[in-house]
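Here is what each chain is made of, one letter per residue.
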Amino acid sequence: MFKKVLVANRGEIARRVMRTLKEMGIRSVAVYSDSDSDAPHVRDADEAVWIGPDPAAHSYLDIEKVIAVAVKTGAEAIHPGYGFLAESLEFAHALKETGIALIGPDEMALEVMGDKARSRDHVSAHGVPVMPGFNARGMSESEITAACENIGFPLLIKPSAGGGGKGMEVVEDAAALKNALASARRVAISAFGDDTLVIERLITKPRHIEVQVFGDKHGTVVALGERECTLQRRHQKVIEEAPTLAISDETRTKLFEAAIDAAKSVNYVGAGTVEFLIDADLPDEFFFIEMNTRLQVEHPVTEAVTGIDLVKLQVQVAAGEKLSELLAERVAQEIDGHKVDGFAIEARIYAESPANDFMPSVGTILMLRFGDGVRVDSAVEEGSTVSPFYDPMIAKMIAHGETRAEALEKIDRALSETVVLGVETNIAFLRYLIANEQVQKAELDTGLIGRLLPLKERNPSEAMLRTAAGAVAPQDSGGVAGLWSELRGWRIGSVRADTRVYLRSDAGEMFEVDVPTEAARRYSSVAVALQDGNVWVSEEGHSQRFETVSRRQKTMGEIVAKERGGSNDPECLAPMPGTVVVLHVADGDMVSAGDPLVSVEAMKMEHPVRAAIDGTVRLKVEVGNQVQKGAVVAIVEGV
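It should be emphasised that the depicted structure is a prediction, and the values quoted were computed from it without experimental measurement. (Residues numbered from 1 in each chain as written. Predicted model: local features only at pLDDT ≥ 70, side-chain atom pairs only at ≥ 80, totals over all residues. Heavy atoms only, no water.)

Undergrad: What is the right way to look at the overall build of the protein chain in this model?
TA: Along the backbone of the protein chain there are 20 helices and 36 strands. For the protein chain, whose C-alpha radius of gyration is 26 Å, the value lies close to the compact-globule estimate of 26 Å for 639 residues. For the protein chain, the residues scored as buried account for 54% of the 639 residues in total. Considering only contacts in the protein chain between residues 6 or more positions apart, those separated by 24 or more positions represent 64%. Of the accessible surface of the protein chain, which amounts to about 27,300 Å², a share of 49% is contributed by carbon and sulfur atoms. Looking at the protein chain, you have 68 positive and 97 negative side-chain charges, and the mean spots of the two groups are 4 Å apart. (Helix = DSSP H or I, 4+ residues; strand = E, 2+ residues; numbered from the N terminus. Rg over C-alpha atoms; globule rule 2.2 N^0.38 Å. Buried < 20%, exposed > 50% of the residue type's maximum accessible area, 1.4 Å probe, protein only. Contact = heavy atoms within 4.5 Å. Areas by Shrake-Rupley, 256 points an atom, 1.4 Å probe, with all protein chains shown as cover. Lys, Arg positive; Asp, Glu negative; His and termini not counted. Charge placed at Lys NZ, Arg CZ, Asp CG, Glu CD.)

Spelled out as structure tokens, the structure:
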């Protein structure tokens, strides 16, 4: 068994791996970038080494630096977690040359399964069912168009080298194909360095089911159950569960057999996930999507229902131990997934704004409190900064119950008790999603979340408004300020100026709130925190930020809004910090409300900035420019 393991990752997965290493008596080594110098995963490790500046390309993705740290610290193995180098063939090859073990599969599996087009052809040759489609490598645009028309629309375009839904585009008809191809290629180059695309038939009501497989160095491969990952947004999973209610036991057995065949075809070693699509209306038919050659974000739901520590199993298998001894009963049966304990649900808590098209939110966490009765995997704390350089996940919350209904109730209650102030989050949206009738009945398909959009900003409760007003209103300090606040006075045509507070939400809505009495400044159900003239409040998972404004600022804002016709703002603003990657129009073009003008890339996703009114566009940025949230990228001069 290894004595020291380097964890080549950050955030909650680094902490998750280190927790198991500690339980196994194995020393851990962390690597960190500039902004992660005081991150929780650094403090959790037995040793920690700085690896470079914040951009991942110069730190966590720098193969030479990662291996140099492993050599320097004497680490015998590296656990890559997920993301970053977890599925890098180049990384596996470099490690093999140094003699340091990779806690993951070998180069063959990474090479074959790391390319969607190649993996599709490979598993098909081994009897695994695949979706009708084609590999677009080397094809001209006209050839791609012809092939697409031959398959028929709708279609799904996805980067061959990709993962995590990045670069995926749904194409409803031939007219949308050209722009979708261009967008998918841009993201593919940026995220994966390879613009090869795979194009497949799109199932209109798909369910996303994945099988957890495990292989050892002695030729044994087993399936450890399936997960339902259908609740997605932009191909990114939001809520996952195990097991699924979508399939019969007969289909489950066939699904496991196909997953094991796929893994055996590349002599798979370690934890892997074989992903399939199932038509919600025809659940007995399934199609291979891809194989993820790493631990999945959602692995805790499998751990909850099987009682197996998957990270521990990864380490044991990488050290040469046999699954036949580690999982004697399961291996003897070859396929096992029917023997699970209850149901588990995982919800991903992100720093993002659901009402603003789920734009990531950056900032400092002022207050953090998680609900009880559930497992929480997190790597942030009060004072942590959510940076634009990395994934905005705050935590994963996992509930386990004897029934699915019990697991759903547990996770909803824990979410209602969770408080995150300082950044916007999707907690209220998660609760809204869990309460949905179709979700409660397990009648799912990947388009369900899309049908719930767009979301409206939820109105703050009276308790939230009064708590916010009480937090920013003048308080009696007993000194001069307190004396003046006690003076009642009399003003012609006016009441005391400090008897009312004006609060403006991020959406621009104005609230006039009477200052509560001292006894009513706090509500037990509402959490509050102050930050640079803003006040954050949270109640039952719903959080909101308000800016305090004067009576004069309120009046001037109303005048400007009236002159602009409400929300018809000629200024087009960057939704978050990022890089300008494409200009959809030229300076001076005539545009219509809703037309995309500029796309800003952040966290490996493209976010279009659209015109709010008809008129002539004046661009303020160029491709490659770095912009901050709220920066003016274009102005539309109304007609």
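Let us keep going from here.
Undergrad: Would you mind going over the pairing of strand β27 (residues 534–539) with me for this structure?
TA: The side chains of a regular strand alternate between both faces of the sheet. In terms of residue burial, β27 counts as a mostly covered element, since six of its six residues are buried. Bridge count for strand β26 (residues 526–531) against β27 is six bridges, and the pairing is antiparallel. Bridging across to β27, A529 finds its partner in W536. Taking the residues that link successive antiparallel strands as the turn, the β26-β27 hairpin has two residues, and the phi of D532 there is positive, at about 45 degrees. Linking two consecutive strands that pair antiparallel, namely β27 and strand β28 (residues 542–549), is a turn of two residues; a positive phi of about 50 degrees is found at E540 within it. (Pairing = 2+ DSSP bridges.)

Undergrad: Honestly, the packing of helix α14 (residues 404–416) against helix α15 (residues 427–434) in this entry has me stumped. Any pointers?
TA: Geometry of a packed helix pair, given as the angle between the helix axes and the separation of the axes. Contact geometry of α14 with α15 gives a least axis separation of 10 Å together with a crossing angle of 155 degrees. By the angle class used here, α14 and α15 are roughly antiparallel. When you trace α14 past α15, the crossing you get is left-handed. In this structure, α14 contributes L408, I411, D412, L415 and S416 to the contact, and α15 contributes I427, L430, R431 and I434. (Axes fitted to C-alpha atoms, helices over the stretch in contact; angles between N-to-C directions. Parallel < 35°, antiparallel > 145°, perpendicular 65-115°, else oblique. Left-handed = near helix turned anticlockwise from the far one by under 90°.)

Undergrad: Looking at this structure, how should I read the pattern of salt bridges?
TA: Close approach of charged atoms allows side chains with opposite charge to pair. Per the counting criterion, the structure on display carries 44 salt bridges. Here D115 makes a salt bridge to R137, at a shortest N to O gap of 2.9 Å. With D115 in the loop between α5 (107–113) and α6 (116–125) and R137 in the loop between β6 (133–135) and α7 (141–151), the pair connects residues that are 22 residues apart, well separated along the chain. A relative accessible area of 13% places D115 in the buried class. Its salt-bridge partner being R618, residue D587 comes within 3.7 Å of it at the nearest N-O pair. Remark: R618 occurs in strand β34 (residues 615–619) and D587 occurs in the loop between β30 (578–583) and β31 (590–591); sequence separation between them is 31 residues. Through salt bridges with shared partners, a single ionic network connects E210, R227, K237, E240, E275, E298 and R348. (Salt bridge = Lys/Arg side-chain N within 4 Å of Asp/Glu carboxyl O.)

Undergrad: I keep staring at empty space enclosed by the protein and nothing clicks. Help me out?
TA: The method is simple in principle: a probe with the dimensions of a water molecule rolls over the atoms, and the space it marks as empty is what remains. Under the definition given, this model contains three cavities of 30 Å³ or more. Around the largest cavity, the lining comprises 14 residues; the ones closest to its centre are I103, G104, P105, T293 and R294. (1 Å grid on protein atoms, 1.4 Å probe; cavity = no way out; pocket = protein on both sides within 12 Å on 5 of 7 lines; lining within 4 Å. Points joined across faces, edges and corners; volume = space filled by probe spheres on them.)

Undergrad: Looking at this structure, how should I read the nonpolar core?
TA: Looking at soluble globular proteins, one finds that nonpolar side chains tend to be buried together. Counting 35 residues, the largest nonpolar core has L231, I239, I394 and L433 as its most contacted members. Those elements giving two or more residues to this core turn out to be β12 (236–242), β15 (343–350), β22 (393–401), α14, α15 and α17 (448–451). Residues within four places of L231 in sequence aside, it is in contact with Q236, K237, V238, I239, L433, V439, L444, L448 and I449. In terms of nonpolar packing, the next biggest core, distinct from the first, is built from 32 residues, V5, I13, A77 and V315 among them. (Core = buried A, V, L, I, M, F, W, Y, C linked by side-chain atoms within 4.5 Å.)

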